[in-house]
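# Understanding the architecture of this molecule
Okay, here's what each chain looks like letter by letter:
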Amino acid sequence: MSNANLTNTIWDVIVVGGGMVGSATALGLAQNGMRVLLLEKQAVDISWQADSPYQVRVSALTRASEKILKNLGAWQGIEDRRLHPFVAMHVWDEITPGEVHFSAQDMQEPNLGYTVENNVIQAALWEQAIACENITTLVDSKIEGLAFEDDQAWLSIEGIGILKTQLVVGADGAFSKIRQLANIGLDTHDYEQSAVVGCVKTELSHQDTCWQRYTSNGPFAYLSMGNNVSSIAWYLPTDKQQWALNLSDEEFAKEIAKASDYRLGQVVEVAERGAFPLVRRHAEHYVKPNLALVGDAAHTIHPQAGQGVNLGLLDAAALVETVLNAKQADKAWGSFSVLRKYERWRRGDNALVQRSMEGFDWLFKQDASLKAIIRKPLLPLANKLTWVKNWLMGQALNGREALPKLAKTLVKN
Ligand SMILES: Cc1cc2nc3c(=O)[nH]c(=O)nc-3n(C[C@H](O)[C@H](O)[C@H](O)COP(=O)(O)OP(=O)(O)OC[C@H]3O[C@@H](n4cnc5c(N)ncnc54)[C@H](O)[C@@H]3O)c2cc1C
């Protein structure tokens, strides 16, 4: 589309950020008749194939996310590339006895979720976005400014001009420029921890199980991927992050095996690794007139329970439903009163999950005697109470109450 056409159109919605959450939001709206412009600052590679090398960033997707991605028509693209169902989750502690085993079989579920590389999810969503005639994509775009005039948001883009819309959706990640330009404040908490991530091959099979060990440094996790391949999440105090990245492959393999208490034997191969400092962020507001934030632009969370993108996809589905309901009722979908419904729907749920992660972090981070006393009976007891285990896993897998339609009912397969 020419620059003149881009600036002459009044877009129903402009989504800024074409990551997993932004592209899902754009698709949900466009597949229901809205004219959407999807802006992304980096080119997106959709040619990603099943035999591509394993990527650093991996997400564990819940059933609710699976339904959203199926309903958006992106699941097939994920299956065609690469995904790995896991059927169990095993949790244990470095300093106290007892282990908790969650199993799909106990819950009469086919699996407890899927581990999928983030690039795979994004590529499958973009494949659909490119094929959708109501979506115009614009990559390599640089936002210069944001203003609000005449019940519209005006976005100024370098080399293009002013784009106008009734609703700007900020889906541009943890360091959201849209959030900053809209002057929305942020509540933050530094966990003083980094997650070192990447894929490794282990001597023993992961048995399609995610393994999580709590140590005095923080948790260590193996997320099952391909044949004896697991994605690791190794949580360390931030000042050890560089040390972990600088280790030779051989030293790194030894440290990983040690951190996992040799649960899958030795580590025999390591792939590219990366590290992410962990910060909880929560935007003071998710909405303003003609603006809404979704995904990491609105909140980031400790990744130990793998909930970040799952919460973001629920934001996307809730915002889509709120906007479509308003459109159907002939209401201005960019109005504050409409957008507040979305904020009320999602902010409390996201805050609850953030706080529960903080409780876990506090309980398992250090081995101070008081915490060890509290922890000691916890895992053996939790393992015995099957209904508690199944309830906890059911909440994580299927989501809590008031799920948006896209996450609840399967329309497409
Ligand atoms: C170590 C680690 C492990 C994790 N594991 C899990 C897990 O197992 N399960 C889970 O659910 N979550 C997990 N998460 C969280 C998950 O990765 C994030 O919640 C998720 O990536 C957020 O998606 P998003 O689309 O909101 O943001 P992002 O993935 O950050 O995407 C933002 C997009 O916006 C684009 N962008 C940025 N600025 C601009 C701009 N100015 N203009 C245009 N485009 C822009 C970016 O290029 C990017 O494509 C983990 C996080 C970490 C750090």
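To start, this report covers the structure provided alongside it.

Thresholds applied
- Residues numbered from 1 in each chain as written.
- Predicted model: local features only at pLDDT ≥ 70, side-chain atom pairs only at ≥ 80, totals over all residues.
- Heavy atoms only, no water.
- Phe/Tyr/Trp six-rings, centres within 6.5 Å; stacked < 30°, edge-to-face > 60°.
- Helix = DSSP H or I, 4+ residues; strand = E, 2+ residues; numbered from the N terminus.
- Buried < 20%, exposed > 50% of the residue type's maximum accessible area, 1.4 Å probe, protein only.
- Lys NZ or Arg CZ within 6 Å of the ring centre and 35° of its normal.
- Core = buried A, V, L, I, M, F, W, Y, C linked by side-chain atoms within 4.5 Å.
- Contact = heavy atoms within 4.5 Å.
- Pairing = 2+ DSSP bridges.
- Axes fitted to C-alpha atoms, helices over the stretch in contact; angles between N-to-C directions.

Before going further, it helps to examine the packing of aromatic side chains. Tallied over the entire structure, the rule returns six aromatic pairs. The interplanar angle of 40° and the centroid separation of 6.1 Å between the aromatic rings of Tyr286 and Tyr342 together place this pair among those described as tilted. You can see Tyr286 sitting in the loop between strand S16 (267-283) and strand S17 (287-288) and its partner Tyr342 sitting in helix H10 (residues 336-365), a full 56 residues away along the chain. Since its relative accessible area comes to 0%, Tyr286 is described here as buried. What links up through ring pairs into an aromatic cluster is the set Trp234, Trp243 and Phe252. Residue placement shows Arg263 over the ring face of Trp92; its charged tip is 4.1 Å from the ring centre. For the cation-ring pair, Arg273 lies above Phe252, with the distance from its terminal atom to the ring centre recorded as 3.9 Å.

Ranked by internal contacts, the top residues of the largest apolar core, which has 80 residues, are Val13, Val36, Leu39, Leu69, Ile78, Ile135 and Leu155. Looking at this core, the element that brings in the most residues is helix H9 (residues 308-328), giving 11 residues. In this structure, Val13 is in contact with Leu29, Met34, Arg35, Val36, Leu37, Thr165, Leu167, Val169 and Trp333, ignoring residues within four places of it in sequence. Judged by nonpolar contacts, the second largest core, of 20 residues, contains Val196, Val200, Trp211 and Ile256.

Glancing now at the sheet that holds strand S3 (residues 58-61). The strand order S3-S7-S4 describes an open sheet built from three strands, whose pairing is antiparallel. The open sheet is flanked by S3 and strand S4 (84-86), the only strands paired with a single partner. When strand polarity is set aside, the average angle formed by the axes of neighbouring strands in this sheet is 30°. Summarising the sheet, S3 and strand S7 (residues 113-117) pair through four bridges and their orientation is antiparallel. Bridging from a neighbouring strand, Ser59 pairs with Val116 of S7.

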